[in-house]
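So you can see what is in the structure, the chains are spelled out below.
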Amino acid sequence: MAVWGGGNGAETFGDGALYFPGSDTWKPLSLKGAPTARRLHTLVAAPVGDDEWLFVWGGMNSEEHALNSGAIYSVAHDSWYAMSIMDAPSPRHGHKAMWRDLDNRMVVWGGKNGSVTICSGMKFNPVINIWNRLSQAEIEALQGEDSVCSQHKSEGTNGRKP
């Protein structure tokens, strides 16, 4: 299990750890190159070869601003690598993120920026560190799984609702 960031109402955190249930121990994650402190973000774990990568993306900083940045943590190397922000999804918090084994991509979908609901997303290719648009079929599938975005689509708001 992995944790990163979060908040307690007064502070927003910028650290994390791995938990090993077999030994009931925690191992702090390196802070060198780590993403900025954030809450309401996503953390996605994905097996990559003999390693496991953790993707921290989006969220909200201590000034209550939505973020469109993140980083990849290599468990085997105890190292962080910056994720490209070129063509990244718009800043958001409270979004969904998932790893797709089918094409080895992380998908980011939905969320909010302040009080604005976001019904869009992108997919991230970690091997070449780029963001790509989702296909129309992928968008429709994600909208269908997201009751908030489905409602906005039927209201003709193009996926955005204040």
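Below, the structure is looked at part by part. (Residues numbered from 1 in each chain as written. Predicted model: local features only at pLDDT ≥ 70, side-chain atom pairs only at ≥ 80, totals over all residues. Heavy atoms only, no water.)

1. Some points on a nonpolar patch on the surface
- Together, Met 1, Val 3 and Trp 26 make up a nonpolar patch on the protein surface, roughly 330 Å² of accessible area in all.
- Along the chain, Trp 26 falls in strand S3 (residues 25-28).
- The class of Trp 26 is partly exposed, set by a relative accessible area of 47%. (Patch = residues over 30% accessible without salt bridge, like charges linked within 9 Å, V, L, I, M, F, W, Y side chains within 5 Å. Areas by Shrake-Rupley, 256 points an atom, 1.4 Å probe, with all protein chains shown as cover. Salt bridge = Lys/Arg side-chain N within 4 Å of Asp/Glu carboxyl O. Helix = DSSP H or I, 4+ residues; strand = E, 2+ residues; numbered from the N terminus. Buried < 20%, exposed > 50% of the residue type's maximum accessible area, 1.4 Å probe, protein only.)

2. Overview of the sheet that holds strand S1 (residues 2-7)
- As summarised here, the arrangement of the three strands in space is S1-S2-S3, forming an open sheet in which the pairing is antiparallel. Of all the strands in the sheet, the pair left with one neighbour each is S1 and S3. Ignoring strand direction, the axes of neighbouring strands in this sheet form an average angle of 35 degrees.
- The pairing of strand S2 (residues 12-20) with S3 spans four bridges and is classified as antiparallel. The partner of Leu 18 across the bridge, within S3, is Lys 27. (Pairing = 2+ DSSP bridges. Axes fitted to C-alpha atoms, helices over the stretch in contact; angles between N-to-C directions.)

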